[in-house]
Amino acid sequence: MGARIHNLNIKLWIREGRENDAFRFPRSEKPLTGFSRQITNQNNAMREIESGEITEAVRKMSIKAAYMLGHDVMEALEENLKKEISPTGREVLRQLVENARIAEEGLFPMCQDTGFAVIFVELGQDVHVAGGDLNQAIHEGVRQGYSEGFLRKSVCDPFTRKNTGDNTPAVIHIKIIPGDRIKLTLAGKGGGSENMSRVMMLKPSDGKTGIMDYVVQRVSESGPNPCPPTIIGVGIGGTFEKAALLAKEALLRPLGEPSPDPELAAMEEEILERINRLGIGPGGLGGKTTSMAVHVKMHPCHIASLPIAVNINCHAHRHREMIL
Amino acid sequence: MPGPIRLNPPLTDEDVMKLRAGDQVLITGILYTGRDAAHKRLVDLIDSGEPLPMDLTGQIIYFVGPSPSRPGQPIGSAGPTTSYRMDAYSPRLIERGLKGMIGKGFRSREVVDSMVKHKAVYMAAVGGAAALISRKITSCEIVAYEDLGPEAIRKLEVTDFPAIVVNDCEGNDLYEQGIEEYRIA
Ligand code: SF4
């Protein structure tokens, strides 16, 4: 009896969790949509994926991310080049568009800081990773990609500052989800913009206004350092570490796609408008294109807390995803 | 907007005094590279009264840690790095005759004061325009501290290297003026 009640509670809890997710993060933001066919696995068979395939995917993504700027970012740069009123600002944007084209030729990565490899794994619960440790497979992919792609190794010991030599270890975030596929997302995070990012525990009474003020203030104080025009990831709620993760996940959304939650979408628009009134501009040299997008993600938080995280990404927005 | 100003280091006081915050420049000639670790070693040498690996008089230091070079290319991607990490060291090098620095981001009060006092200039290259900048670098040779890898001091030959004057020797600051001009209160 006790066990049954316990089971029932778990089921209820899961269902509530799902409903809550569905409310906050409608379909388009849910992991692995489009694979609903695989989600019901009637014969309970595990799908086998060789760890070598994971290494290969990470290797390819590391290189591609460093040389090929996403269409969404390229379009945003070109769009802003048309709208920018500062002559210096236009010159900076012109250089960035040309830079992306040169990088595409495959000789020079778009930026010399080719980033810290952050890998998000959405692992279907019906997947069996065969032939080796999933984590090691990812590190190996980073190692191969950064070496073969002539990418800079930018990972070191925090105390001695000695370089690890191969850009590993990667930072890996694993989420188990329904289904029999693996979605891998790689973010090559530059140091300049990461250094301007912050987590802050606001007071609940600070509310929405306090949140928006904090984001705008953070961007204002960062000035030219994160290589504007930037993309701003904002994580609201959860706990201390959840807020930071939400902010980083928010950066993964394609540029120009608003939050599926209308309230958050309105907030994104309002924050972006306020940021672009700051005058920082491209390269921080004055102008109206300080950020190209603000992406917000939210999660319920403790009654005593209001955590907020601001993760700034430069225009070298290196994001790639692959589904195995 | 007037066309870009051409600079050919080594720079004289007169060259520097003509530059104003906001000027676009194209540099042709020699640039030295350096980041925090190399700067620290240079200042340690000055402190112990030993000679520097290169003569700084009139020279420009470019704050950069390039990505590895492909075979057949003089250098990998080579965009500017954030300058504030060099703030503790730059005034010591400016005293020794350094005339220009290229990086990205704010400088400290001490660096700005030192530039005014000794007639030096701070320029920004476009952060993240690294592939474009690499195309302007025709040769690259390590002159000191090979053990520092990407942070070793390199001597670059550049042609039409694009930069924008941020701090001139009269104390003007484009980061402040530019923001002031385009801010909507
Ligand atoms: S912040 Fe981004 S664009 Fe700027 S140097 Fe770092 S990686 Fe490159």
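Since the structure is predicted, the reported quantities are computational estimates derived from the model, not experimental observations.

K.L.:
What is the right way to look at the overall build of chain A in this model?
P.N.:
Along chain A, the regular secondary structure elements total 10 helices and 10 strands. The buried share of chain A, taken over its 324 residues, is 53%. Residue pairs in contact within chain A that sit at least 24 positions apart in sequence constitute 82% of those at least 6 positions apart. Within the structure as shown, chain A displays about 14900 Å² of accessible surface, and the carbon and sulfur contribution to it stands at 54%.

K.L.:
Explain empty space enclosed by the protein here, please?
P.N.:
The method is simple in principle: a probe with the dimensions of a water molecule rolls over the atoms, and the space it marks as empty is what remains. Taken as a whole and judged by the stated rule, the model has 2 cavities of 30 Å³ or more. The calculated volume of the largest cavity comes to roughly 80 Å³. Looking at the largest cavity, it is lined by 13 residues, and the ones nearest its centre are Gly283(A), Lys104(B), Ala125(B), Gly127(B) and Tyr175(B). When the residues that make up the lining of the largest cavity are grouped by side-chain class, the tally is 9 nonpolar, 3 polar and 1 charged.

K.L.:
I would appreciate a short explanation of the sheet that holds strand β8 (residues 291-301) of chain A in the present structure.
P.N.:
Where strands meet in a sheet, backbone hydrogen bonds hold them as pairs that are either parallel or antiparallel. Residue and element names in this part refer to chain A. Read from one edge of the open sheet, 4 strands run β6-β9-β7-β8, paired in mixed fashion. In this open sheet, the two strands that pair with only one neighbour each are β6 (198-202) and β8. The mean angle between the axes of side-by-side strands here comes to 15°, regardless of whether they run parallel or antiparallel. Sheet analysis places β6 next to strand β9 (residues 306-313), joined by 5 bridges and oriented antiparallel. Bridge pairing in β9 links Arg 198 to Val 310. Set on the sheet, helix α8 (residues 207-222) makes contact with β6, β7 (230-238), β8 and β9; between it and β9 the angle comes to about 30°. Contacts between helix α9 (residues 240-250) and the sheet are confined to β6, β7, β8 and β9, with β7 contributing the most and set at about 145° to the helix.

K.L.:
Could you clarify how one ought to interpret the site of the ligand in this entry?
P.N.:
Looking at the ligand, the residues that line it are Cys111(A), Asp113(A), Gly190(A), Gly192(A), Ser193(A), Cys227(A), Cys314(A), His315(A), Ala316(A), Arg318(A), Lys104(B) and Gly128(B). Chains contributing residues near the ligand are chains A and B.

K.L.:
Explanation requested: the side chain of Asn276(A) in the structure shown.
P.N.:
All names here are of chain A. Looking at where Asn 276 falls in the secondary structure, it is placed in the loop between α10 (262-275) and β8. The buried category is assigned to Asn 276, whose relative accessible area is 18%. In terms of polar contacts, Asn 276 uses its side chain to reach the backbone amide nitrogen of Thr 290, at 2.9 Å. Within the structure, the side chain of Asn 276 is placed 3.0 Å from the backbone nitrogen of Ser 291, a separation counted as a polar contact. The contacts of Asn 276, once residues within four sequence positions are left out, are Lys 288, Thr 289, Thr 290 and Ser 291.

K.L.:
Is there a simple way to explain the packing of helix α3 (residues 51-67) of chain A against helix α6 (residues 134-148) of chain A in this structure?
P.N.:
The relative placement of two packed helices is expressed as an angle between their axes plus a distance between the axes. Residue and element names in this part refer to chain A. Packing of α3 against α6 brings their axes to within 7 Å, and their N-to-C directions diverge by 35°. Relative to α6, α3 is oriented so that their crossing is right-handed. Judged by residue contacts, Ser 51, Ile 54, Thr 55, Val 58, Arg 59, Ser 62 and Ile 63 of α3 engage Leu 134, Ala 137, Ile 138, Glu 140, Gly 141, Val 142, Gln 144, Gly 145, Tyr 146 and Glu 148 from α6. Taken together, the residues that form the contact of α3 with α6 break down as 8 nonpolar, 6 polar and 3 charged.

K.L.:
Help me out: how do you make sense of unusual backbone geometry in this one?
P.N.:
Glycine aside, residues mostly have negative phi angles, and peptide bonds mostly take the trans form. The amide bond that connects Thr168(A) to the next residue, Pro169(A), takes the cis arrangement and shows omega of -5°. Along the chain, Pro169(A) turns up in the loop between α6 and β4 (171-177). For the bond running from Pro228(A) to Pro229(A), omega is 10°, close enough to zero to count as cis. With respect to the helices, strands and loops of the structure, Pro229(A) is situated in the loop between α8 and β7. For Asn167(A), which is not a glycine, the phi torsion comes out positive at approximately 65°. With respect to the secondary-structure elements, Asn167(A) resides in the loop between α6 and β4. In this structure Asn167(A) comes out as buried when scored by relative accessible area, which is 0%. With a phi angle near 55°, Asp160(B) is a residue other than glycine that sits in the positive phi range. Residue position: Asp160(B) is located in strand β7 (residues 153-167).

Parameters at a glance
Residues numbered from 1 in each chain as written. Chains lettered and ligands numbered in written order. Predicted model: local features only at pLDDT ≥ 70, side-chain atom pairs only at ≥ 80, totals over all residues. Heavy atoms only, no water. Helix = DSSP H or I, 4+ residues; strand = E, 2+ residues; numbered from the N terminus. Buried < 20%, exposed > 50% of the residue type's maximum accessible area, 1.4 Å probe, protein only. Contact = heavy atoms within 4.5 Å. Areas by Shrake-Rupley, 256 points an atom, 1.4 Å probe, with all protein chains shown as cover. 1 Å grid on protein atoms, 1.4 Å probe; cavity = no way out; pocket = protein on both sides within 12 Å on 5 of 7 lines; lining within 4 Å. Points joined across faces, edges and corners; volume = space filled by probe spheres on them. Nonpolar A, V, L, I, M, F, W, Y, C, P; charged D, E, K, R; others polar. Pairing = 2+ DSSP bridges. Axes fitted to C-alpha atoms, helices over the stretch in contact; angles between N-to-C directions. Near = heavy atom within 4 Å. Polar contact = N/O pair within 3.5 Å; in protein donor to acceptor, adjacent residues only side chain to side chain. Left-handed = near helix turned anticlockwise from the far one by under 90°.

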